[in-house]
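Each chain, written out:
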Amino acid sequence: MKGRTQNIWVLILLLLAGVVLGGFLAQLLGDNPALSWLAYGKSFGLSSPLVLDLGVLTLHFGFTIRFTIAGILGIVLAFLIYRKI
């Protein structure tokens, strides 16, 4: 059971690394006309944060996810690397 738990954590870390690297590449290469398609994507989430004002304490809640082609390719690449391990 311990080996399976470690494998799940390795998969999660690889997928997160794929998303981060894909997002970085999308932002870096988005200005290049030949590779601008990598930055094509859609954002989901709250456009403006929710504010909960309790008088003494004010909480701001916000969450946005941006999916890009490069991010999806990063996820696929991370999964393929995981399968090879």
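It should be emphasised that the depicted structure is a prediction, and the values quoted were computed from it without experimental measurement. Along every chain, residues carry numbers that run from 1 in the direction the sequence is written. Where local features are concerned, this predicted model is filtered to residues with pLDDT of at least 70; where side-chain atom pairs are given and counted, the filter is 80 or more; whole-chain, interface and lining totals use all residues. Calculation of side-chain values draws on the structure's entire complement of heavy atoms; hydrogens and water are dropped beforehand.

Caption draft 1: Structural view of the environment of R66. Numbering of helices and strands starts at the N terminus; helices are DSSP runs of H or I of at least 4 residues and strands are runs of E of at least 2. Within the secondary structure, R66 sits in strand β4 (residues 64–68). Relative accessible area decides the class of each residue, using a 1.4 Å probe on protein chains only: under 20% of the type maximum gives buried, over 50% gives exposed, and in between gives partly exposed. Exposure remark for R66: the relative accessible area of 48% places this residue in the partly exposed category. Here the alpha-carbon distance between R66 and P33, two residues 33 residues apart in the chain, equals 21 Å. By the convention used here, residues are in contact when the closest approach between their heavy atoms is within 4.5 Å. Non-local contacts of R66, meaning those with residues more than four positions away in its chain, are made with A39, G41, K42 and S43. Reaching out from R66, the side chain makes a polar contact with the backbone oxygen of A39 at a distance of 3.3 Å. Polar contact is the term for a pair of N or O atoms within 3.5 Å; when the atoms are in protein, one must be able to donate a hydrogen and the other to accept it, and sequence-neighboring residues count only if both atoms are side-chain atoms.

Caption draft 2: Quick peek at the environment of G41. Following the sequence through the fold, G41 ends up in strand β1 (residues 41–45). A relative accessible area of 27% means that G41 is categorised as partly exposed. Between the C-alpha atoms of G41 and L14, which are 27 residues apart in sequence, the distance is 21 Å. When sequence neighbours within four positions are dropped, the list of residues in contact with G41 reads R66, F67 and T68.

Caption draft 3: Expanded view of the packing of aromatic side chains. Geometry of aromatic contacts follows a simple scheme: Phe, Tyr and Trp rings, the Trp one being its six-membered ring, pair when their centres are within 6.5 Å, and the pair is stacked under 30 degrees between planes, edge-to-face over 60, tilted otherwise. Across all of its chains, the model carries 1 aromatic pair by this definition. Taken together, a centroid distance of 5.9 Å and an interplanar angle of 65° make the contact between F44 and F67 edge-to-face. Separated by 23 residues along the polypeptide, F44 in strand β1 and F67 in strand β4 bring together distant segments of the chain. Take F44: its relative accessible area is 46%, and that puts it in the partly exposed class.

Caption draft 4: Spatial organisation of the side chain of T68. Position of T68 relative to the elements: it lies in strand β4. Classification of T68 as buried rests on a relative accessible area of 8%.

Caption draft 5: Structural detail: the pairing of strand β2 (residues 50–53). Pairing between two strands is assigned when DSSP locates at least 2 bridges connecting them. As paired elements, β2 and strand β3 (residues 58–61) share 4 bridges and run antiparallel to each other. Paired with L50 across the strands is F61, a residue of β3. Counting the residues in the hairpin turn of β2 and β3 gives 4 residues, including G55, whose phi is positive at 90°.

Caption draft 6: Structural context of a nonpolar patch on the surface. Together, L46, L50, L52, L54, V56, L57, L59 and F61 make up an exposed nonpolar region whose accessible area comes to about 760 Å². At the level of secondary structure, the elements contributing two or more residues to the nonpolar patch comprise β2 and β3. As for its placement among the helices and strands, L57 is situated in the loop between β2 and β3. Among the residues examined, L57 registers a relative accessible area of 44% and is labelled partly exposed. Two distance rules govern patches: like charges are joined within 9 Å, and nonpolar side chains (Val, Leu, Ile, Met, Phe, Trp, Tyr) within 5 Å, applied only to residues with over 30% relative accessible area and no salt bridge. Each accessible area value is a Shrake-Rupley result obtained with a 1.4 Å probe; residue values ignore everything except the protein chains displayed when judging cover. By definition here, a salt bridge exists when the distance from a side-chain nitrogen of Lys or Arg to a carboxyl oxygen of Asp or Glu is within 4 Å.

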